Amino acid sequence: MPTIRDIARQSGYSVSTVSRVLNHQKYVSKPAQQAVEKVIKALDYVPNSLARDLSFGQNKNIGVVLPHNDHPYFNQLLNGIMDAAFTSGYHIVLLPSEYNQTVELDYLEQLKRKNFSALIFTSHGLPLISLGAIRPVRSNCLL
């Protein structure tokens, strides 16, 4: 799997220039852009979304805490969430809880550790006071 450094090495341009081309930023000459894009195509390069998330300090993952997903209500709700997430460029991670408070608290900890941009709770296994420990955060999420 080629990396941005491989593209830089083969194109003869710096990693910074390759990054600018990948992110469609200004300040890249037309010849440099064409040379970098040619190598990208030749190597069949696909950006690593995990590395990109790390460099931007955010991810596009939204956790959906479901008590179970075999109920028509939760299926319909989940379909709506997935449709909105897809059109906004977000990824949905299903987090089953079976109303287990320990599991739900672990999901909250994962949110604190920034494993998710947001959590959507559809479970009532935790008392609302537990959820109050998480401060609401402004997000760019378009859901």
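Our subject is the structure listed above.
Residues numbered from 1 in each chain as written. Predicted model: local features only at pLDDT ≥ 70, side-chain atom pairs only at ≥ 80, totals over all residues. Heavy atoms only, no water.

Let's talk about the layout of surface pockets
Empty space within the second largest pocket amounts to approximately 320 Å³. Surrounding the second largest pocket, 16 residues form its lining, Ile4, Tyr45, Asn48, Ala51 and Arg52 being those nearest its centre. Mapped onto the lining of the second largest pocket, the elements with two or more residues apiece are α1 (4-11), α2 (15-22) and α4 (49-56). Considering each element in turn, the lining of the second largest pocket owes the most residues, four residues, to α4. The residue makeup of the lining of the second largest pocket, split by class, is nine nonpolar, five polar and two charged. (1 Å grid on protein atoms, 1.4 Å probe; cavity = no way out; pocket = protein on both sides within 12 Å on 5 of 7 lines; lining within 4 Å. Points joined across faces, edges and corners; volume = space filled by probe spheres on them. Helix = DSSP H or I, 4+ residues; strand = E, 2+ residues; numbered from the N terminus. Nonpolar A, V, L, I, M, F, W, Y, C, P; charged D, E, K, R; others polar.)

Points about the environment of leucine 77
Relative to the helices and strands, leucine 77 resides in helix α5 (residues 72-88). Here leucine 77 falls in the partly exposed class, since its relative accessible area comes to 30%. For the pair leucine 77 and threonine 122, spaced 45 residues apart in the sequence, the C-alpha separation amounts to 9.2 Å. (Buried < 20%, exposed > 50% of the residue type's maximum accessible area, 1.4 Å probe, protein only.)

Points about helix α3 (residues 30-43)
Along an α-helix, residues three or four apart share an orientation, since each turn contains 3.6 residues. Compared with the 20 Å implied by 1.5 Å per residue over 14 residues, the 20 Å span of α3 between its first and last C-alpha is a close match. Turning to α3, its buried residues number three or more, namely Ala32, Val36, Val39 and Ile40. Down the axis of α3, the sector holding all buried residues measures 105°, keeping them to one side. Set apart from the buried face of α3 by more than 90 degrees, the exposed residues are Lys30, Pro31, Lys38, Lys41 and Ala42. Buried residues belonging to α3 abut α1 and α2. Backbone geometry just after α3 places aspartate 44 at a positive phi near 55°. (Expected span 1.5 Å × (residues − 1). Arc of directions from axis to C-beta. Contact = heavy atoms within 4.5 Å.)

Some details on the packing of α1 against α3
Direction vectors running N to C along α1 and α3 enclose 125°, while the axes themselves pass 9 Å from each other. Judged on the interaxial angle alone, α3 and α1 are oblique. Along this stretch, α1 crosses α3, giving a crossing that reads as right-handed. Here Asp6, Ile7, Gln10 and Ser11 of α1 come into contact with α3, specifically with Ala35, Val36, Val39, Ile40 and Leu43. (Axes fitted to C-alpha atoms, helices over the stretch in contact; angles between N-to-C directions. Parallel < 35°, antiparallel > 145°, perpendicular 65-115°, else oblique. Left-handed = near helix turned anticlockwise from the far one by under 90°.)

A short note on the nonpolar core
Of all hydrophobic cores here, the largest spans eleven residues; its members are Ile7, Ala8, Val18, Val21, Leu22, Val28, Ala32, Val36, Val39, Ile40 and Tyr45. Secondary-structure elements contributing two or more residues to this core are α1, α2 and α3. The greatest single-element share of this core, amounting to four residues, is contributed by α3. Aside from chain neighbours lying at most four places away, what touches tyrosine 45 is Pro2, Thr3, Ile4, Ile7, Leu22 and Ile40. Val65, Leu108, Phe116 and Leu119 belong to the second-largest nonpolar core, a separate cluster that totals seven residues. (Core = buried A, V, L, I, M, F, W, Y, C linked by side-chain atoms within 4.5 Å.)

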